[in-house]
Amino acid sequence: MKVVLSTIGKFHTFDLARELHAHNALAGIYTGYPHFKLRNEHLPKSLINSYPYFHTPYMGFPFWHLVGKGIKQEWEYIDRVMFDKHVAKHLPECDVFSGLSGSALATGKVVKARGNRYVCDRGSSHIRIQDTILKEEHERWGMPYTAIDPRIIAREEAEYDLADAITVPSSFVYRSFVESGIAPQKLNLIPYGVNLERFQKTAEPVPLRFDVLFVGALTLQKGLPDLLNAFSKIEHPHKSLTLVGGFDPNFIEWLTKKKLLSENILILGHVPQEQLKDIMSRSHVMVLASVQEGLGMVQAQALACGCPVIATTNTGAEDLYTDGNEGFIVPIRCPDALVEKLQLLADHPEQRQKMSAAALACVSKMGGWRTYGEQSLALFKQLNQ
């Protein structure tokens, strides 16, 4: 059996590619990343087809916050369409093609015309549910919202209809598709893994401190205002909050005007994974207050470093750990729930230590990305029968 993958970026697709290659099942992977950004992906260069002409300039342009949102949206649409056309034109023979949603419609049609199988790989909630939740969140905070491009929504929904199967990473995403009218038998829940070679416990948190961590893009989607509000209310003489991830300066300015930032909050921006595992290991807890996402892989990364996690129901947390054991799972848009769980861990270090040990035991059973690869390959073989 031979499988071709496509992803306009990297995401989890390269992790899947390595697992398929280990089973001699990978016919190729297409990406919008340039080759020099893929040197550490541990795949033969002959299997990687790079089409960087639209996506790389998009990723590298540092002034999107100064450009009209209409221009950015148009670039994003052209990026996906041109990438999809390239893959469709150069697609080798394969039994199954699995393409990340939003940039695989033309290729999916080619695959189906050949009599082979097309899998739509969706990494987030159903696109209409995603759009609705984000619109609600912007309205909640009085921020302007640029809706998801209707052309992108149309492409995605055409992909959902065309595909022989849709893979989703979490129960939250699965439910969003069922609620949107997609037949459950078309959906396949396959949670992502974690690279246990890159993430492991390297240090201990400092006693008598309470250091909280957030990892991810600093956006409304990630529930930053709720986290910042909650952090301001917990009581501890030596507390801190570290924010790791990319950000739009305009959003930081908005947080400042809302008086949500304080001197014990540190914004680091992007950090290398080598440094990130140390930060996770030294943190007492990581919080992911997102209102929607597919499956926040930083949760498994934190658990692998012995860092308990507090996350919302819309992060895929329920597919990674058990509420009350390795961390806590709380409702979205509920800062009071965040305060309650943070204060509990701040007041009871022995509880945090038990959760840390449980986190390490939990991750040791995940099998890294191997399980994800095996479950995906089993699905591909089933479709090909």
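Refer to the preceding data block for the structure.
No experiment lies behind these values; they were computed from the predicted model shown.

Caption draft 1: Broad picture of the pairing of strand 10 (residues 265-269). Here strand 9 (residues 239-244) runs beside strand 10; their pairing, made up of four bridges, is parallel. In the sheet register, Leu 241 faces strand 10, and the bridge partner there is Ile 265. For the segment spanning strand 9, helix 9 (residues 249-257) and strand 10, crossover handedness is right-handed.

Caption draft 2: Molecular detail of the nonpolar core. Counting residues in each nonpolar core, the largest one holds 88 residues, and the members touching the most others are Leu 20, Met 280, Met 286, Ile 310, Tyr 321 and Leu 342. Here Met 280 is in contact with Phe 199, Leu 213, Val 215, Met 286, Val 298, Gln 301, Ala 302, Cys 305 and Cys 307, once residues within four sequence places are set aside. Judged by nonpolar contacts, the second largest core, of 30 residues, contains Ile 8, Leu 91, Phe 97 and Leu 187.

Caption draft 3: Broad picture of the environment of Ala 154. Mapping Ala 154 onto the fold places it in helix 6 (residues 150-162). On the basis of relative accessibility, which here comes to 46%, the residue Ala 154 falls in the partly exposed class. Residues Ala 154 and Gly 102 lie 52 residues apart in sequence; the distance between their C-alpha atoms is 9.1 Å.

Caption draft 4: Broad picture of the pattern of salt bridges. All told, the structure shown has 21 salt bridges when counted by the stated rule. A network of salt bridges, in which partner residues are shared, links Glu 136, Glu 137, Arg 140, Asp 226 and Arg 333.

Caption draft 5: Spatial organisation of the side chain of Ser 6. Here Ser 6 shows up in strand 1 (residues 3-7). In this view, Ser 6 contacts Thr 13, Tyr 30, Phe 83, Val 87, Phe 97, Ser 98, Gly 99, Leu 100 and Ala 104; residues no more than four positions away in its chain are not counted.

Caption draft 6: Expanded view of the state of the cysteines. One pass over the full model with this rule turns up zero disulfides. The thiol of Cys 305 is unpaired, and the distance to the nearest cysteine sulfur, on Cys 307, comes to 7.8 Å.

Caption draft 7: Representation of the packing of aromatic side chains in the model. This structure, assessed with the given rule, holds nine aromatic pairs. Relative to Trp 254, the ring of Trp 141 lies with its centre 6.2 Å away and its plane at 85°, an arrangement referred to as edge-to-face. Of the two residues, Trp 141 sits in helix 5 (residues 127-141) while Trp 254 sits in helix 9, which places them 113 residues apart along the sequence. Aromatic side chains Trp 369 and Tyr 372 sit 5.3 Å apart centroid to centroid with 80° between the ring planes, which places their arrangement in the edge-to-face category. Each member of the pair, Trp 369 as well as Tyr 372, is classed as buried. Grouping aromatic residues by their ring pairs yields a cluster made of Tyr 51, Tyr 53 and Phe 54. We note Lys 239 situated over the ring of Phe 231; from NZ or CZ to the ring centre the distance is 4.6 Å.

Caption draft 8: Representation of the sheet that holds strand 8 (residues 210-215) in the model. Judged by pairing direction, the sheet is parallel, and its six strands sit side by side in the order 10-9-8-11-12-13 without closing on themselves. Pairing within the sheet leaves two strands with one partner each, and these edge strands are strand 10 and strand 13 (327-330). Ignoring strand direction, the axes of neighbouring strands in this sheet form an average angle of 20°. As defined by bridge partners, strand 12 (residues 309-312) adjoins strand 13 across four bridges and the pair is classed as parallel. Bridge pairing in strand 13 links Val 309 to Gly 327. Where helix 10 (residues 273-282) meets the sheet, its contacts fall on strand 8, strand 9, strand 10 and strand 11 (285-288), and the angle it forms with strand 8 comes to roughly 140°.

Caption draft 9: Here's a closer look at the packing of helix 3 (residues 69-90) against helix 4 (residues 105-113). Running from amino to carboxyl end, helix 3 crosses helix 4 at an angle of 20°, the nearest separation of the two axes being 7 Å. Comparing their axes, helix 4 and helix 3 come out roughly parallel. The interaxial crossing formed by helix 3 with helix 4 has right-handed handedness. Counted together, Asp 84, Val 87 and Ala 88 of helix 3 and Leu 105, Ala 106, Thr 107 and Val 110 of helix 4 form the full contact between these two elements. Of the residues assigned to the contact of helix 3 with helix 4, the class counts are five nonpolar, one polar and one charged.

What counts and how
Residues numbered from 1 in each chain as written. Predicted model: local features only at pLDDT ≥ 70, side-chain atom pairs only at ≥ 80, totals over all residues. Heavy atoms only, no water. Pairing = 2+ DSSP bridges. Helix = DSSP H or I, 4+ residues; strand = E, 2+ residues; numbered from the N terminus. Right-handed = clockwise from strand over helix to strand, strands pointing away. Core = buried A, V, L, I, M, F, W, Y, C linked by side-chain atoms within 4.5 Å. Buried < 20%, exposed > 50% of the residue type's maximum accessible area, 1.4 Å probe, protein only. Contact = heavy atoms within 4.5 Å. Salt bridge = Lys/Arg side-chain N within 4 Å of Asp/Glu carboxyl O. Disulfide = S-S within 2.5 Å. Phe/Tyr/Trp six-rings, centres within 6.5 Å; stacked < 30°, edge-to-face > 60°. Lys NZ or Arg CZ within 6 Å of the ring centre and 35° of its normal. Axes fitted to C-alpha atoms, helices over the stretch in contact; angles between N-to-C directions. Parallel < 35°, antiparallel > 145°, perpendicular 65-115°, else oblique. Left-handed = near helix turned anticlockwise from the far one by under 90°. Nonpolar A, V, L, I, M, F, W, Y, C, P; charged D, E, K, R; others polar.

Structural measurements only, silent on function.
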